[in-house]
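Each chain, letter by letter, is given below.
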Amino acid sequence: MRGQRIVLANGCFDLLHIGHVRYLQAARRLGDLLIVGVNADAAVRALKGEGRPILPAEERAEIVAAFACVDYVVIFDDVTIAPLLEALRPDVHAKGTDYTPETVPEREIVRRYGGRVAIVGDEKRHSSRDLIARIRQADVG
């Protein structure tokens, strides 16, 4: 990994949709190596509420790892990616378009060690929450 530009992206990746694909592909284009942090089950529950995640962390990580643009996947226990950022110190911390450079919670950590934050992917028009709601509605109807 020496001399390679490392990018770290992260998320719950619970019930994948096209927004996830576009986010990860865009993140990979920022460097030579893409590491993806996948939130552990307890963290997803804390972030998304009861009934989530739909899939366990190991399965979500395996699915994300199957993408050609992804080099490594790590499951992390924290609600934020901050401890993983501190440990890995990637060149680029990629976040989706539901953030701006000013609203990324870990921006100061990244700045402090000399990395940069990048906002990537398409406009936030897709969500697992909406997909789950559509599935439930179709199941009832």
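All figures in this text were calculated on a predicted structure; none of them were measured in a lab.

**Some words on the overall build of the protein**
- What the protein contains, in helices and strands, is six helices and five strands.
- The secondary structure elements of the protein, listed N-terminal to C-terminal, are β-α-β-α-α-β-α-β-α-β-α.
- Taken over 141 residues, the protein has a buried fraction of 40%.
- Within the protein, residue pairs in contact and separated by at least 24 positions form 72% of the contacts whose partners lie at least 6 positions apart.
- Only carbon and sulfur atoms are counted for the fraction: they give 49% of the accessible area of the protein, which is about 7,900 Å².

**Here we look at the environment of Val 73**
- By the element assignment, Val 73 lies in strand 3 (residues 72-76).
- A residue is classified by how much of its surface remains accessible, and Val 73, at 26% relative accessible area, is partly exposed.
- Here the alpha-carbon distance between Val 73 and Ala 9, two residues 64 residues apart in the chain, equals 9.6 Å.
- With residues near it in sequence (within four places) discarded, Val 73 still touches Val 36, Val 38, Ala 61, Val 64 and Ala 65.

**Digging into the nonpolar core**
- Leu 24, Leu 34 and Val 36 are the most contacted members of the largest nonpolar core, which totals 17 residues.
- When residues of this core are traced back to their parent elements, those giving at least two are strand 1 (6-11), helix 1 (18-28), strand 2 (33-39) and strand 4 (92-95).
- Considering each element in turn, this core owes the most residues, four residues, to helix 1.
- When residues no more than four places from it in sequence are discounted, the contact partners of Leu 24 are Ala 9, Phe 13, Leu 34, Val 36, Val 64, Phe 67, Cys 69 and Val 70.
- Within the second largest apolar cluster, twelve residues are counted, among which are Ile 6, Leu 8, Ile 109 and Tyr 113.

**Considerations on the sheet that holds strand 2**
- If you walk across this open sheet you meet the five strands as 3-2-1-4-5, and the pairing is parallel. Taken across any chain shown, the strands that pair with only one partner, and hence form the sheet edges, are strand 3 and strand 5 (116-119). Mean inter-strand twist for the sheet, computed between neighbouring axes without regard to direction, equals 25 degrees.
- For strand 4 and strand 5, the ladder comprises four bridges, and the chain directions are parallel. By the bridge assignment, His 93 is partnered in strand 5 with Val 117.
- Sheet strands in contact with helix 3 (residues 57-65) are strand 2 and strand 3, and its direction is about 160 degrees off that of strand 2.

**Overview of the side chain of Glu 106**
- Relative to the elements of secondary structure, Glu 106 occurs in the loop between strand 4 and helix 5 (107-113).
- Here Glu 106 is buried and forms no salt bridge, its nearest opposite-charge partner Lys 95 lying at an N-O distance of 4.1 Å.
- A polar side-chain atom of Glu 106 sits 3.4 Å from a polar atom in the side chain of His 93.
- With residues near it in sequence (within four places) discarded, Glu 106 still touches Thr 80, Ile 81, Ala 82, Leu 85, His 93 and Lys 95.

**Details of the pattern of salt bridges**
- For the structure on display, the rule yields seven salt bridges.
- Here Glu 86 and Arg 112 are joined by a salt bridge, their closest N and O atoms 3.2 Å apart. Of this pair, Glu 86 sits in helix 4 (residues 82-88) while Arg 112 sits in helix 5, and the two are 26 residues apart along the sequence.
- A salt bridge links Arg 111 to Glu 108, with the shortest nitrogen-to-oxygen separation between them at 2.7 Å. Of the two residues, Arg 111 and Glu 108 both sit in helix 5, three residues apart, roughly one turn of that helix.
- With relative accessibility at 39%, the residue Glu 108 sits in the partly exposed group.
- Taken together, the shared-partner salt bridges connect Glu 86, Arg 89 and Arg 112 into one network.

Scoring rules and cut-offs
Residues numbered from 1 in each chain as written. Predicted model: local features only at pLDDT ≥ 70, side-chain atom pairs only at ≥ 80, totals over all residues. Heavy atoms only, no water. Helix = DSSP H or I, 4+ residues; strand = E, 2+ residues; numbered from the N terminus. Buried < 20%, exposed > 50% of the residue type's maximum accessible area, 1.4 Å probe, protein only. Contact = heavy atoms within 4.5 Å. Areas by Shrake-Rupley, 256 points an atom, 1.4 Å probe, with all protein chains shown as cover. Core = buried A, V, L, I, M, F, W, Y, C linked by side-chain atoms within 4.5 Å. Pairing = 2+ DSSP bridges. Axes fitted to C-alpha atoms, helices over the stretch in contact; angles between N-to-C directions. Lys, Arg positive; Asp, Glu negative; His and termini not counted. Salt bridge = Lys/Arg side-chain N within 4 Å of Asp/Glu carboxyl O. Polar contact = N/O pair within 3.5 Å; in protein donor to acceptor, adjacent residues only side chain to side chain.

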